[in-house]
Amino acid sequence: MKKSAKIYIAGHRGMVGSAIHRALTARGFENIITRTSSALDLRNQQAVANFFAEEQPEYVFLAAAKVGGIVANNTYRADFIYENLMIEANIIHQAHVQGVKKLMFLGSSCIYPKLAPQPLKEEYLLTGLLEETNEPYAIAKIAGIKLCEAYQDQYGSNFISVMPTNLYGYGDNYDLNNSHVLPALIRKFHEAKEENKAFVQAWGTGSPKREFLFADDLAAACLFLMETYNGRELVNIGTGEDLSIKELTELVAKTTGYEGEIHWDTTKPDGTPRKLMDVSKLHGLGWKHSIALPEGISLAYQDFLKNQEIYTV
């Protein structure tokens, strides 16, 4: 990509999109297009068609999505499949219609079967049943991958797909009703410390294992792959390292300075037993993450403290 190339980031206000925006800006890209959801409803086919016809972007990062944690995914099942299908179908098709040079679709590690062998290799896609609680979201993301493959197959479009592991970082979602595990824990422990609570209630048994990648590391990987990878097959993006939710909880407690007890509510769902990405393909292409989890959680917590009024509305 030339520094003057016209680049559209769909979802630039989200954690992932904003990280990609920061990465592009830091590298000197000066022609970045964005639209807020109020200015452009990506679920609206005609609105997206008009936008692409008018702006004629050369490159597209498709980071826009309706996202949430276990409760949100399981509660708003129709919204999660419908909205994500519409967003990706509209953008991918218009990228083809308007001759976009390259598009990157960002998926999610939940596309893999619930009981797939660990670590998760790219070829495990569609080899088993999905985790029930977020199946609608996962199916929508799988459809996005298949759209990119189909447009490559039929039209030769340079549309690639990447599958990030669990993400966290600047601008995360700290709403306790629909956030992911790591930001939820940061907020819980911070508030427990501030209120001198004797214990914090954590969900599940603490036994599931998860992998976490700092969003700015993801953005660096996305730029790397946008410049170097043109394959039809999806690419996992992660650290290749995981830890139990219990270990994560203790790490967040330490980072926030909370010294009380941790109680486990085993009536709450654990979700998938383990999700670790096989990142050997990414490493083989020449990219590895640079921000270790303890450092990343500290950076995220500092961001939370700085923007607490916004994040806890």
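Draft legend 1. Expanded view of the overall build of the protein chain. From N to C terminus, the protein chain includes 11 helices and 13 strands. A globule of 313 residues ought to have a C-alpha radius of gyration of about 20 Å, and the protein chain, at 19 Å, matches this closely. Considered along the principal axes of its C-alpha atoms, the protein chain spans approximately 60 × 40 × 40 Å. Sequence separation of at least 24 residues holds for 81% of the intrachain contacts in the protein chain that already meet a minimum separation of 6. Of note, the protein chain has its 31 positive side-chain charges centred 3 Å away from the centre of its 37 negative side-chain charges.

Draft legend 2. Molecular detail of the sheet that holds strand S4 (residues 102–106). Reading across from one edge, S2-S1-S3-S4-S5-S10 is the order of the 6 strands in this open sheet, with parallel pairing throughout. Every other strand in the sheet has two partners, leaving strand S2 (32–33) and strand S10 (235–237) as the edge strands with one partner each. As judged from the 4 bridges shared by strand S1 (residues 7–10) and strand S3 (residues 59–62), these two strands associate in the parallel manner. Pairing of isoleucine 9 across the sheet is with phenylalanine 61, part of S3. Across the sheet, helix H7 (residues 215–228) is in contact with S3, S4, strand S5 (159–164) and S10; its angle to S4 comes to roughly 145°.

Draft legend 3. View of the pairing of S3. The alternating pattern of S3 places Tyr59 and Phe61 on one face and Val60 and Leu62 on the opposite face, and all of these are buried. Bridge count for S3 against S4 is 4 bridges, and the pairing is parallel. By the bridge assignment for S4, phenylalanine 61 is matched with methionine 104.

Draft legend 4. Here's a closer look at the pairing of S5. Most of S5 sits inside the fold, with 6 of its 6 residues counted as buried. Of the two faces of S5, both are covered, the one formed by Phe159, Ser161 and Met163 as well as the one formed by Ile160, Val162 and Pro164. Bridging between S4 and S5 involves 4 bridges; their strand directions are parallel. Looking across to S5, one finds that leucine 106 is bridged to valine 162. The β-α-β motif built from S4, the intervening helix H5 (residues 135–155) and the parallel element S5 has right-handed crossover chirality. Across 3 bridges, S5 lies against S10 in parallel orientation. In the sheet register, methionine 163 faces S10, and the bridge partner there is asparagine 236.

Draft legend 5. Quick peek at the sheet that holds strand S13 (residues 274–275). If you walk across this open sheet you meet the 3 strands as S11-S8-S13, and the pairing is mixed. The two strands at the open ends of the sheet, each matched to only one other strand, are strand S11 (243–244) and S13.

Draft legend 6. Geometry of the environment of glutamate 227. With respect to the helices and strands, glutamate 227 occurs in helix H7. Filtering out sequence-adjacent residues up to four positions away, glutamate 227 remains in contact with Met1, Phe29 and Lys102.

Draft legend 7. A look at the packing of helix H1 (residues 15–26) against H7. Packing of H1 against H7 brings their axes to within 8 Å, and their N-to-C directions diverge by 60°. With respect to H7, the element H1 is oriented oblique. For the crossing formed where H1 meets H7, the hand is right-handed. Across the interface between the two elements, Met15, Val16, Ala19, Ile20, Arg22, Ala23 and Leu24 of H1 pack against Ala215, Asp216, Leu218, Ala219, Cys222 and Leu223 of H7. Here the residues of the contact of H1 with H7 sort into 11 nonpolar, no polar and 2 charged.

Draft legend 8. Molecular detail of the state of the cysteines. Using the criterion set out here, one finds 0 disulfides in the structure. Counting only cysteine sulfurs, cysteine 222 is the nearest neighbor of cysteine 148, a cysteine outside any disulfide, at a range of 13 Å. When its relative accessible area of 1% is taken as the criterion, cysteine 148 is described as buried. What makes cysteine 222 buried here is its relative accessible area of 0%.

Draft legend 9. Region of interest: the packing of helix H6 (residues 181–194) against helix H8 (residues 245–256). At a minimum axis distance of 9 Å, the contact between H6 and H8 shows a crossing angle of 45°. By the angle class used here, H6 and H8 are oblique. With respect to the hand of their crossing, H6 and H8 are arranged in right-handed fashion. Of H8, the residues touching H6 (which contributes Val181, Leu182, Leu185, Ile186, Phe189, His190 and Lys193) are Ile245, Leu248, Thr249, Val252, Ala253 and Thr256. For the contact of H6 with H8, a count of residues per class yields 9 nonpolar, 3 polar and 1 charged.

The rules behind the values
- Residues numbered from 1 in each chain as written.
- Predicted model: local features only at pLDDT ≥ 70, side-chain atom pairs only at ≥ 80, totals over all residues.
- Heavy atoms only, no water.
- Helix = DSSP H or I, 4+ residues; strand = E, 2+ residues; numbered from the N terminus.
- Rg over C-alpha atoms; globule rule 2.2 N^0.38 Å.
- Contact = heavy atoms within 4.5 Å.
- Lys, Arg positive; Asp, Glu negative; His and termini not counted.
- Charge placed at Lys NZ, Arg CZ, Asp CG, Glu CD.
- Pairing = 2+ DSSP bridges.
- Axes fitted to C-alpha atoms, helices over the stretch in contact; angles between N-to-C directions.
- Buried < 20%, exposed > 50% of the residue type's maximum accessible area, 1.4 Å probe, protein only.
- Right-handed = clockwise from strand over helix to strand, strands pointing away.
- Parallel < 35°, antiparallel > 145°, perpendicular 65-115°, else oblique.
- Left-handed = near helix turned anticlockwise from the far one by under 90°.
- Nonpolar A, V, L, I, M, F, W, Y, C, P; charged D, E, K, R; others polar.
- Disulfide = S-S within 2.5 Å.

Read these as spatial facts, not as claims about activity.
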